[in-house]
Amino acid sequence: MVIRSTWLCSLLLVGSLGCAVLRPLPEETTPAVAPEVLRADLHVHVNMRAALGPLFQGEPGEGVLAGSHTASLVNQVDAAALRRAGVRLIVATVWPPPATRPGRSALGEALHQLAELESFAQRNPDFVLAHSAAEARRKLADGQLVLIPAVEGGEGIRRIEDVDLLYAAGARSITLVHFFDNPLADAADDQFGALVGGLTNGRDGGLTALGVDVVRRMIQLGILIDVAHASDQTISEVLALAGPAGVPLLYSHTGAGWGETRCLSTPLAQRIGAGGGLIGIGLFRSPFQEVPLAERWEGFQPGTCDDDVAHWLHYAREVSPEAVMLGSDFSSVIFRARPGSACAQGLRHTGDLPALFAALEAHGIPRDNLDSSGERLLRLLETVEGRADPSVLQSARKLSVPRDDLFLDWAERAPQAR
């Protein structure tokens, strides 16, 4: 049995959480980091309200932050807090929940969410979009918080031309799959545990024929290939395509694959790292990711940010410290580290990042490694962009992106429209 409805995800992740109380921004006393520090976050839902409104409350710039590690439907991103943490380069991920907007296709929803991200940046002067590494470097030099637009889930891609359209709409990173198998690839089957996973994903395998073509098109366009949420077979097949082309991969948000979970296994992490790819550590609590006793230290407190530190240390040791950085997944609908250990307030929002970074330093991650994560992301972007095909880029840049009034039955009308 295969269940593909978004509402299963909604019930699992949202339904039991209720609506958290809005809290004003707290007074922060964390000292600012040096201006030359450039830290990155590989996965942030900056404007999640566009995807989950009216369930999701607040967005950056409105003076609202989650007041608890369990407040999963409240904004968790604040510009001033990001600056204090030194995080100035962000892969800003839009999540187009499929089949939830009457009259709008999955592709239309993805395009709509990218337009919403652009609108967010236009009305919020703390953030600015960048669509290339060179543009990001210029805007970072101006002291701005830079967002690289990304799409989580390729459900809307039904033909190669759809990748071109997403590029024209601003996407510079695409996660091939999300919670469920889609026309491109097999998703990890156990994202909600073995029982539920068996109900949600019925296909075992890797890339479909379309998925192979889409990966090749992403290489031609210089789009980051994000294999988060993908099955092991999918990741292996993407590596087989991207490796010979000299294109490193992104695994934007994960925890250590110690058990039978959807998280990135050590062997695959090593292959991604060996190819110059990056691995983002997600800041989420999961009953399927318990840190083994052998990876704990004296005074380790399960359920606190000690878990997140342990995940980070695992990949830094087994792959390379240079391959690992933050992939917080802030403002997604998940539970985070509770108060305790090095993070006295838990991990509620971006204001708690300095405590996490301090804990990482205390456990041996050099400050220079943390401070240079943004530069490593820029270099990855430059490498991927350098493998692009100029003629394919030129064609994609000429495309006109349809707006809401064209979304209805877009897939059926696309050949004539294009």
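It should be noted that the structure appears before, not after, this text.
About the criteria used
- Residues numbered from 1 in each chain as written.
- Predicted model: local features only at pLDDT ≥ 70, side-chain atom pairs only at ≥ 80, totals over all residues.
- Heavy atoms only, no water.
- Salt bridge = Lys/Arg side-chain N within 4 Å of Asp/Glu carboxyl O.
- Buried < 20%, exposed > 50% of the residue type's maximum accessible area, 1.4 Å probe, protein only.
- Axes fitted to C-alpha atoms, helices over the stretch in contact; angles between N-to-C directions.
- Helix = DSSP H or I, 4+ residues; strand = E, 2+ residues; numbered from the N terminus.
- Parallel < 35°, antiparallel > 145°, perpendicular 65-115°, else oblique.
- Left-handed = near helix turned anticlockwise from the far one by under 90°.
- Contact = heavy atoms within 4.5 Å.
- Core = buried A, V, L, I, M, F, W, Y, C linked by side-chain atoms within 4.5 Å.
- Pairing = 2+ DSSP bridges.
- Right-handed = clockwise from strand over helix to strand, strands pointing away.

This next bit is on the pattern of salt bridges. Scanning the model with the defined rule gives 16 salt bridges in all. With a shortest N-O distance of 3.0 Å, Glu 361 and Arg 367 are connected by a salt bridge. By relative accessible area, which is 28% here, Glu 361 ends up partly exposed. Put simply, Arg 49, Glu 59, Glu 62 and Arg 123 are held in one network by salt bridges that share partners.

Moving on, we get to the packing of helix H11 (residues 305-318) against helix H12 (residues 353-362). Direction vectors running N to C along H11 and H12 enclose 50°, while the axes themselves pass 10 Å from each other. Looking at the two axes, H11 sits oblique to H12. The handedness of the crossing between H11 and H12 comes out as right-handed. Note on element contacts: H12 touches H11 through Leu 356, Ala 359 and Leu 360, opposite Cys 305, Asp 308, Val 309 and Trp 312.

With respect to the helices and strands, the residue Pro 244 is situated in the loop between helix H9 (232-242) and strand E9 (250-254). Judged by relative accessible area, which is 73%, Pro 244 ranks as exposed. Placed 31 residues apart in sequence, Pro 244 and Gly 275 show a C-alpha to C-alpha distance of 9.8 Å.

Soluble globular proteins: nonpolar side chains tend toward being buried together. Leu 89 and Ile 225 are the most contacted members of the largest nonpolar core, which totals 107 residues. A total of seven residues in this core trace back to one element, the largest contributor, which is helix H4 (residues 106-123). What Ile 225 contacts, discounting residues up to four positions off in sequence, is Ile 174, Leu 176, Val 215, Met 218, Ile 219, Val 238, Val 247, Leu 249 and Leu 250. In this structure, Met 48, Leu 52, Trp 95 and Phe 179 belong to the second largest nonpolar core, which totals nine residues.

Where helix H8 (residues 209-221) meets H9, the axes come as close as 10 Å, and the angle between the chain directions of the two elements is 45°. Judged by the inter-axis angle, H8 sits oblique to H9. As for how H8 packs across H9, the hand of that crossing is right-handed. Contacts between H8 and H9 involve Val 212, Val 215, Arg 216 and Ile 219 on the former and, on the latter, Val 238, Leu 241 and Ala 242.

Most of strand E6 (residues 145-152) sits inside the fold, with eight of its eight residues counted as buried. Across the two faces of E6 the burial is the same, with Leu 145, Leu 147, Pro 149 and Val 151 and Val 146, Ile 148, Ala 150 and Glu 152 all buried. Relative to E6, strand E4 (residues 87-94) runs parallel, the two sharing six bridges. Looking at the pairing, Val 91 lines up with Ile 148 of E6. Where strand E5 (residues 127-129) and E6 come together, three bridges link them in parallel fashion. When the bridges of E6 are listed, Val 128 appears paired with Val 146. This β-α-β element, E5 to helix H5 (residues 133-141) to E6, shows right-handed connectivity. Taken together, E6, helix H6 (residues 160-168) and strand E7 (residues 173-175) constitute a β-α-β crossover, and its handedness is right-handed.

From the geometry alone we can't say anything about function, so treat these as descriptive.
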